[in-house]
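Listed below are the residues making up each chain.
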Amino acid sequence: MSMIHDFILLSRDDVDIRSVGTFSGRVKQLKRGTRVELHDSLIHYVADSLPWFKSYNPSKQKSQRGLNFWGLTVIQRDGARSAADVFEAWALLFENGLPTLRLTGFYCQSRKKAGYELLKCNRDATVKAFRKLSRMCRKAYESQGRLFVVHMGI
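Residues numbered from 1 in each chain as written. Predicted model: local features only at pLDDT ≥ 70, side-chain atom pairs only at ≥ 80, totals over all residues. Heavy atoms only, no water.

Novice: Lay out the pairing of strand S3 (residues 54–57) with the relevant residues and their values.
Specialist: As judged from the 4 bridges shared by S3 and strand S4 (residues 62–65), these two strands associate in the antiparallel manner. Looking across to S4, one finds that Lys54 is bridged to Arg65. Between S3 and S4, which pair antiparallel one after the other, the connecting turn spans 4 residues, and Gln61 there sits at a positive phi close to 55°. (Pairing = 2+ DSSP bridges. Helix = DSSP H or I, 4+ residues; strand = E, 2+ residues; numbered from the N terminus.)

This is the structure in structure tokens:
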């Protein structure tokens, strides 16, 4: 299983956000749109800031905050502006790092060793991905509800 989170900018004309089946049945088609991929480790690294924006869970058909790490999430106009700000803030922060970002990951323990994982990310690619995600959210906000961002968790 891939440990990648996909974010895709979609139009309400193309997908009904209330129907999980609409998303599941069209994953290949959806992945051709404006999209960003982020590794699960990076999503967990920024996880504390994700509940700062509103979102929608199509599986439960209810509003929530943040992302479903293992399922679908929809970022609509009511949460898109905050989401854009959060993702842009991470881009600005990462932009100040060294060319290879060295981030603290999960705490791991085995019989021989215990400690935190070291996450290594290309700074420029990471900044570019967060900026693109921020722009997608901003477009969703500015579209007056016509566009939204779908997050497909791992």
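Novice: Provide a residue-level description of the nonpolar core, including the pertinent values.
Specialist: Ranked by size, the top nonpolar core spans 33 residues in total, and within it Phe7, Leu38, Phe94, Phe130, Leu133 and Val149 carry the most contacts. It is helix H4 (residues 77–95) that contributes the most residues to this core, 8 residues altogether. Apart from the residues within four sequence positions on either side, Leu38 is in contact with Met3, Ile4, His5, Phe7, Ile43, Ala129, Phe130 and Leu133. Of all hydrophobic cores here, the second largest spans 9 residues; its members include Leu10, Leu72, Phe148 and Val150. (Core = buried A, V, L, I, M, F, W, Y, C linked by side-chain atoms within 4.5 Å. Buried < 20%, exposed > 50% of the residue type's maximum accessible area, 1.4 Å probe, protein only. Contact = heavy atoms within 4.5 Å.)

Novice: If you had to explain H4 to someone new, which residues and values would you point to?
Specialist: Taking 1.5 Å per residue, 19 residues should reach 27 Å; H4 reaches 27 Å between its end C-alpha atoms and fits that length. Taken as a whole, H4 has its buried residues at Gly79, Ala80, Ala83, Ala84, Val86, Phe87, Trp90, Ala91 and Phe94. The inward-facing, buried residues of H4 abut helix H3 (40–45), S3, strand S5 (72–75), strand S6 (100–109) and helix H5 (123–142). (Expected span 1.5 Å × (residues − 1).)

Novice: Please set out the layout of surface pockets residue by residue, giving values where relevant.
Specialist: Taken as a whole, the largest pocket encloses approximately 160 Å³ of empty space. Considering the residues around the largest pocket, the lining is formed by Glu37, Leu38, His39, Ser41, Leu42, Leu119, Lys120, Cys121, Asn122, Ala125, Thr126 and Ala129. Elements supplying a minimum of two residues to the lining of the largest pocket: strand S2 (34–39), H3, strand S7 (114–122) and H5. Ranked by residue count, the leading element in the lining of the largest pocket is S7, at 4 residues. Each residue belonging to the lining of the largest pocket can be placed in one class, and the counts come to 6 nonpolar, 4 polar and 2 charged. (1 Å grid on protein atoms, 1.4 Å probe; cavity = no way out; pocket = protein on both sides within 12 Å on 5 of 7 lines; lining within 4 Å. Points joined across faces, edges and corners; volume = space filled by probe spheres on them. Nonpolar A, V, L, I, M, F, W, Y, C, P; charged D, E, K, R; others polar.)

Novice: Give a description of the packing of aromatic side chains that names residues and reports values.
Specialist: A complete count under the given rule lists 9 aromatic pairs for this structure. Residues Tyr45 and Trp90 carry aromatic rings whose centres are separated by 6.0 Å and whose planes lie at 65° to one another, so their mutual orientation is edge-to-face. With Tyr45 in helix H3 and Trp90 in helix H4, this pair connects stretches of sequence that are 45 residues apart. A relative accessible area of 32% places Tyr45 in the partly exposed class. In this structure an aromatic cluster arises from ring pairing among Phe7, Tyr45, Phe53, Phe87, Trp90, Phe94 and Phe130. Over the ring of Tyr141 we find Arg77; its NZ or CZ atom is 4.2 Å from the centre of that ring. (Phe/Tyr/Trp six-rings, centres within 6.5 Å; stacked < 30°, edge-to-face > 60°. Lys NZ or Arg CZ within 6 Å of the ring centre and 35° of its normal.)

Novice: Give a description of unusual backbone geometry that names residues and reports values.
Specialist: At Gln61, a position not held by glycine, the phi torsion is positive, near 55°. One can find Gln61 in the loop between S3 and S4. Judged by relative accessible area, Gln61 falls into the exposed class, the value being 52%. Here Gln144, not a glycine, exhibits a phi torsion of approximately 60°, which is positive. Within the secondary structure, Gln144 is located in the loop between H5 and strand S8 (147–152). Looking at Gln144, the relative accessible area reads 60%, which means it is exposed.

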